[in-house]
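Secondary and tertiary structure notes
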There are 2 protein chains.
Amino acid sequence: MKKYEKILDIAKRRGIFYPSAEIYGGISGFYDYGPVGARIKRNIENLIRKAYLIDEYGNFTIFEIECPTLGVEDIWKASGHVQNFTDFIVECKNCKEPYRADHLIEENLKISCDGMNKEQLQELIKNNNLRCKKCGGELGEVYNFSLMFRTEIAPGKNKRTGYLRPETAQSTYIGFKRLWEIARKKLPFGVIQIGKSYRNEISPRQYIIRLREFTQAEIEFFVDPDDKFEYLNFDGKPIKIIDKHDKIYEISIKEAYNEGIIKNRAIAYFLQKSLNLFVKMGINYERLQLRQHKDTERAFYSKDTWDVEFMSELGRIEMVGIADRGSYDLTQHHNYSKESMEIFSNNKKFIPNVIEVAYGIDRPVYCVVESCFVEEKDENNNERIYFKFPPEISPYVCVFPLMEKDKLPEKAKEVIEFLKKAEIYPFYDISGSIGRRYARADEIGVYYAITIDYDTLKDDTVTVRFRDTKEQIRVKIEELEKFIK
Amino acid sequence: MKKYEKILDIAKRRGIFYPSAEIYGGISGFYDYGPVGARIKRNIENLIRKAYLIDEYGNFTIFEIECPTLGVEDIWKASGHVQNFTDFIVECKNCKEPYRADHLIEENLKISCDGMNKEQLQELIKNNNLRCKKCGGELGEVYNFSLMFRTEIAPGKNKRTGYLRPETAQSTYIGFKRLWEIARKKLPFGVIQIGKSYRNEISPRQYIIRLREFTQAEIEFFVDPDDKFEYLNFDGKPIKIIDKHDKIYEISIKEAYNEGIIKNRAIAYFLQKSLNLFVKMGINYERLQLRQHKDTERAFYSKDTWDVEFMSELGRIEMVGIADRGSYDLTQHHNYSKESMEIFSNNKKFIPNVIEVAYGIDRPVYCVVESCFVEEKDENNNERIYFKFPPEISPYVCVFPLMEKDKLPEKAKEVIEFLKKAEIYPFYDISGSIGRRYARADEIGVYYAITIDYDTLKDDTVTVRFRDTKEQIRVKIEELEKFIK
């Protein structure tokens, strides 16, 4: 069993994540988060939210908003998604199995198809006589397949075509003018949306890495094009950096910015912020790298795009994309809607630029789970499999009354109410020996386990046990919150 | 201007909520939450989450899970939604305007259409010669309109019909067997999902009260049909209770249960829990009431259903529905999928019953905003409009450095970082006089505003100012968290 297969097996059994609608045969690209996974996912969302909301006090504000996932066609015509948000598909003439053309070629020929058009892909398939993976049949013509889910909104004559958003960003852009008022007409300001997006992928794969329904946290940072971002500071450890010419560096982001490898100071700032966040989530720093998009893979309107990638057991995973989108998006809506997106600021009239920071949430969940997976032998030479989640990601704090009698459960309830007030999610477990309960807590990566025993009744202290060291210490109940945070 | 019109106007301007896609003419049933509204919404979600997760320690556990909003047709065929989740619609023969038939009749004839079939509605329209509200034209035939948004998933031969979920519940039910394992095969246990649901309403109305895309928090509480729920306790103040025969009581839920008005102890427990939650959110207790569904309006499989309603400026609003659904849902999936939903527990083999607690989230947001809206004259006889949100709902804690110099902003940053660690969302504001900043904070219902002044630099205390009383007290920075919570 490969490591990732083991992880996926455990993820199913311990309620982290598993395919949706299994009783109806499932459908690829849709996953459920179980009790443990849902808590990990919320924790990751909250870490990102906390990192961005009101971060650069004084210099700018980042607001959270929440917009619908379903939108009318106009939005996606203006943004270009109706016309261009497609992948090239090719079907087997015999068994009709559909393939994403570029993936099929890349897999077979070990080349990159970035930026290739339909004709180029068609030619590669033909010249190399690529066949159906399932039945060996001949492949048909390459054609465009829309990645948006289409539906109809409202009945009768009010009926309008709608699409599920393929990204949260557009729903932020179309409300820009109202947000500008709320931000008191001062640039820069940022808007974060954490919510679902949908892409009808031709071949979803790698479990929760490429889903058809997924969660994003996208920050649109609206800026004056003349802003040099001198108020943004960043510093950190060396990291592997691959520029758009495939040149590799092992330097800090600060050095990369100073040496002109990363040219935009805001991009450098958000890259550093993202690295810090991933480390906080428990993701292995040594397996992270920065990669600049090549000119062929970058959208034509983007001036520069950088990703943070995680080298996973499953391959290279894009964790966040940070792009200087210029004024493209707002200009598109400005032109299409005929509603002005221009603002007046710093003595000039203009459409703001946008620096976008786009996190997936499902991918970090997987990468955290993979990074924190531990297989080891315990002191009795028994295999111990657990997750080394950091406290910020740990799904719960466990609360165990030593026995189900002598008012110990009642005392545990007091501790639980105390933790809930502090926004710490408790998990109560009374069944089995304390050793068995610790083991169960370890299995789902619980960082702290609190035991209520007879001393607790006397002096209001509890035993806090650490997952990693198995060390146990006594803490006063009233100091638990401070201790845990 | 009516009060609710004033509220909606302020909600737009202050970034609480406003129609989506305004630059494209909007489409009814879709709203954006602005920076203030998104925080209020998150706070409401968190209050519900905290109230339910692991509440009845020892007796049972409630887990949070997260499932996709898009699901294959089989799910909705099994649940009956494809066949029955429809409304009756009637269109004007002249201008083609579509109407929801029952609403049109109820509005015109002031009668209830609960439980009426197509023929009955058709007859009422004909006999009373009801006409189009817009053009006075004749109305056509009443027909069924599906309230689910339909789409297609996957390309080519893999294509399957999908629907956006009209409720979170079904996505919980279909994973029941896996959840049963994770709950260590012990009844009762509960599962909460907080997420989007979608209904293609014929005529969405009342702003965020009847949306086409909305957020729910649904708890499915899986129980043994023989369970008497004797471990569930509840008590509270008298409340207006309307039973299914329209008999009205003004007694506590405990008394209503003891007198057999509310027959199911779990329903009584969740009703009390919901009342407590709504009060915590800042909703006026005097405008809440409990209402039992009449036999004609209740789904045929439901044994009993109760709502908590809020008497709003907009009319009667259902805030939560609590239903004894028997084993209907699991049995449907058991039969349709051919995958067993039976469990073995307490020496018998059976399909569990479900008590469902279904909250809308958007409705509480509106009702909280309406309940907390205050118009008054201040000491100088100026009009003061603000929101009296309780601390748990307040969008932020404001942090104001007295001046933008002498290291006061730096000190404010320390306070902000401290608050963020404590899961309290700070909002930094430096522009204008302190009085002006307090006024702006009041306008969006901020409960606490913290000022950093020269004394702060000396003794690490800050001024905390209360919105309602305008009282100001000094608090040590390290005691802020305890103080606020």
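Residues numbered from 1 in each chain as written. Chains lettered and ligands numbered in written order. Predicted model: local features only at pLDDT ≥ 70, side-chain atom pairs only at ≥ 80, totals over all residues. Heavy atoms only, no water.

What follows concerns the interface of chain A and chain B. In this complex, chain A contributes 100 residues to the contact, which on the side of chain B involves 100 residues. Here chain A and chain B share an interface that buries about 8800 Å² over both sides, 57% of which is from carbon and sulfur atoms. At the boundary of chain A with chain B, the tally comes to 18 salt bridges. For the pair chain A and chain B, the interface holds 39 residue pairs in polar contact (both at pLDDT 80 or more). Looking at which element gives the most residues to the side of chain A that touches chain B, the answer is helix 2 (residues 35-52) of chain A, with nine residues. When grouped by side-chain class, the residues that make up the side of chain A that touches chain B number 47 nonpolar, 17 polar and 36 charged. (Contact = heavy atoms within 4.5 Å. Buried area = accessible area lost by both parts, 1.4 Å probe. Salt bridge = Lys/Arg side-chain N within 4 Å of Asp/Glu carboxyl O. Polar contact = N/O pair within 3.5 Å; in protein donor to acceptor, adjacent residues only side chain to side chain. Helix = DSSP H or I, 4+ residues; strand = E, 2+ residues; numbered from the N terminus. Nonpolar A, V, L, I, M, F, W, Y, C, P; charged D, E, K, R; others polar.)

Before going further, it helps to spend a moment on the nonpolar core. Formed by 266 residues in total, the largest nonpolar core has its most connected members in Y52 of chain A together with Y52 of chain B. Leave out the neighbours within four places in its chain, and Y52 of chain A touches I62, I192, I219, F270, K273, S274, L277, V357 and Y359 of chain A. (Core = buried A, V, L, I, M, F, W, Y, C linked by side-chain atoms within 4.5 Å. Buried < 20%, exposed > 50% of the residue type's maximum accessible area, 1.4 Å probe, protein only.)

On to the sheet that holds strand 11 (residues 213-223) of chain A, then. Reading across from one edge, 3-10-11-19-16-15-14-12-13 (chain A) is the order of the nine strands in this open sheet, with mixed pairing throughout. The open sheet has two free edges, formed respectively by strand 3 (62-64) and strand 13 (248-251) of chain A, since each of these has just one partner strand. Direction aside, the axes of adjacent strands within the sheet are offset by 25 degrees on average. Sheet topology places strand 15 (residues 304-312) of chain A next to strand 16 (residues 315-324) of chain A; nine bridges connect them, and they run antiparallel. When the bridges of strand 16 of chain A are listed, D307 of chain A appears paired with G321 of chain A. Contacting strand 11, strand 15, strand 16 and strand 19 (353-360) of chain A, helix 12 (residues 362-372) of chain A runs over the sheet at an angle of about 140 degrees to strand 16 of chain A. Along the sheet, helix 2 (residues 35-52) of chain B makes contact with strand 3 and strand 10 (189-198) of chain A, crossing strand 3 of chain A at roughly 50 degrees. (Pairing = 2+ DSSP bridges. Axes fitted to C-alpha atoms, helices over the stretch in contact; angles between N-to-C directions.)

This part takes up a nonpolar patch on the surface. A cluster of nonpolar side chains, L402, M403, Y454 and L457 of chain A, forms an exposed patch at the surface whose accessible area comes to about 300 Å². With respect to the secondary-structure elements, L402 of chain A resides in the loop between strand 22 (397-401) and helix 13 (408-421). (Patch = residues over 30% accessible without salt bridge, like charges linked within 9 Å, V, L, I, M, F, W, Y side chains within 5 Å. Areas by Shrake-Rupley, 256 points an atom, 1.4 Å probe, with all protein chains shown as cover.)

Quick look at the relation of the copies chain A and chain B now. It takes a turn of 180 degrees to lay chain A on chain B, together with a shift of 0.0 Å along the axis; the resulting RMSD is 0.0 Å. On this basis, the relationship between the two copies can be described by a two-fold rotation axis. No C-alpha of chain A approaches the rotation axis more nearly than that of T151 of chain A, which lies at 2.6 Å. (Least-squares fit on C-alpha atoms with pLDDT ≥ 70 in both.)

When pLDDT is averaged across chain A, the result is 94; 99% of the residues are at 70 or more. For this predicted complex, the interface score ipTM comes out at 0.95, while the overall pTM is 0.96. (pLDDT = per-residue confidence, 0-100.)

A few words now on the packing of helix 5 (residues 101-109) of chain B against helix 6 (residues 118-127) of chain B. Residue and element names in this part refer to chain B. The geometry of helix 5 relative to helix 6 is characterised by a closest axis approach of 10 Å and an angle of 40 degrees between their N-to-C directions. What the angle tells us is that helix 5 and helix 6 run oblique. Crossing of helix 5 against helix 6: the hand is left-handed. Between helix 5 and helix 6, the contacting residues are A101, D102, I105 and L109 on the first element and L121, L124 and I125 on the second. Residue composition of the contact of helix 5 with helix 6, by class: six nonpolar, no polar and one charged. (Parallel < 35°, antiparallel > 145°, perpendicular 65-115°, else oblique. Left-handed = near helix turned anticlockwise from the far one by under 90°.)

Here we come to the pairing of strand 22 of chain A. Residue and element names in this part refer to chain A. In terms of burial, strand 22 is largely enclosed, as five of its five residues are buried. The alternating pattern of strand 22 places V397, V399 and P401 and C398 and F400 on opposite faces, both of which are buried. As defined by bridge partners, strand 22 adjoins strand 23 (residues 426-428) across three bridges and the pair is classed as parallel. Paired with V397 across the two strands is P426, which belongs to strand 23. Since strand 22 and strand 23 lie parallel, the crossover through helix 13 that links them has a hand, and here it is right-handed. Two elements, strand 22 and strand 24 (residues 448-452), share four bridges in a ladder whose sense is parallel. Bridging from a neighbouring strand, F400 pairs with T451 of strand 24. (Right-handed = clockwise from strand over helix to strand, strands pointing away.)

What helix 14 (residues 434-443) of chain A keeps buried is the set I434, R437, Y438, R440, A441 and D442 of chain A. Where helix 14 of chain A terminates, the next one or two residues include G445 of chain A, which has phi positive at roughly 75 degrees.

All names here are of chain A. Per the stated rule, a full pass over the model turns up 98 salt bridges over all chains. Taking the shortest distance from any N to any O, the salt bridge between E64 and R49 comes out at 2.8 Å. Placement of E64 in strand 3 and of R49 in helix 2 is noted, with a sequence separation of 15 residues between them. Classification of E64 as buried rests on a relative accessible area of 3%. Judged by relative accessible area, which is 6%, R49 ranks as buried.

Before going further, it helps to examine the packing of aromatic side chains. Taken as a whole and judged by the stated rule, the model has 62 aromatic pairs over all chains. Judged by centre distance (5.3 Å) and plane angle (5 degrees), the rings of F387 of chain A and F389 of chain A are stacked. Under the relative-accessibility criterion, F387 of chain A is labelled buried at 0%. Between F278 of chain B and Y359 of chain B the ring centres are 6.0 Å apart and the planes differ by 75 degrees, which places this aromatic pair in the edge-to-face class. Pair noted here: F278 of chain B is in helix 10 (residues 265-281) and Y359 of chain B is in strand 19 (residues 353-360), with a separation of 81 residues, a long-range link. For F278 of chain B, a relative accessible area of 0% gives the class buried. (Phe/Tyr/Trp six-rings, centres within 6.5 Å; stacked < 30°, edge-to-face > 60°.)

The next point concerns unusual backbone geometry. Most peptide bonds take the trans configuration, and most residues that are not glycine carry a negative phi. Residue and element names in this part refer to chain A. The omega angle of the peptide bond from L187 to P188 is -10 degrees, so this bond is cis rather than trans. Its location among the elements puts P188 in the loop between helix 8 (176-182) and strand 10. Positive phi values are uncommon outside glycine, yet K96 reaches one of about 70 degrees. Position of K96 among the secondary structure elements: in the loop between strand 5 (86-91) and strand 6 (98-100).

Moving on, we get to the pairing of strand 26 (residues 472-476) of chain B. Regular strands place side chains that alternate from one sheet face to the opposite one. Residues and elements named next belong to chain B. By the bridge criterion, five bridges tie strand 25 (residues 461-466) to strand 26 in an arrangement that is antiparallel. Residue pairing for strand 26: V462 is matched across the bridge by V475. From the end of strand 25 to the start of strand 26, which pair antiparallel, there are five residues, and K470 there has a positive phi angle of about 60 degrees.

What follows deals with the sheet that holds strand 8 (residues 150-153) of chain B. Residues and elements named next belong to chain B. The strand order across the open sheet built from three strands is 4-9-8, with neighbouring strands paired in antiparallel fashion. Each edge of the open sheet carries a strand with a single partner, namely strand 4 (70-72) and strand 8. Taking each pair of neighbouring strands and ignoring which way they run, the sheet shows an average axis angle of 40 degrees. Bridge count between strand 4 and strand 9 (residues 160-164): three bridges; the pairing is antiparallel. Bridge pairing links L70 to L164 in strand 9.

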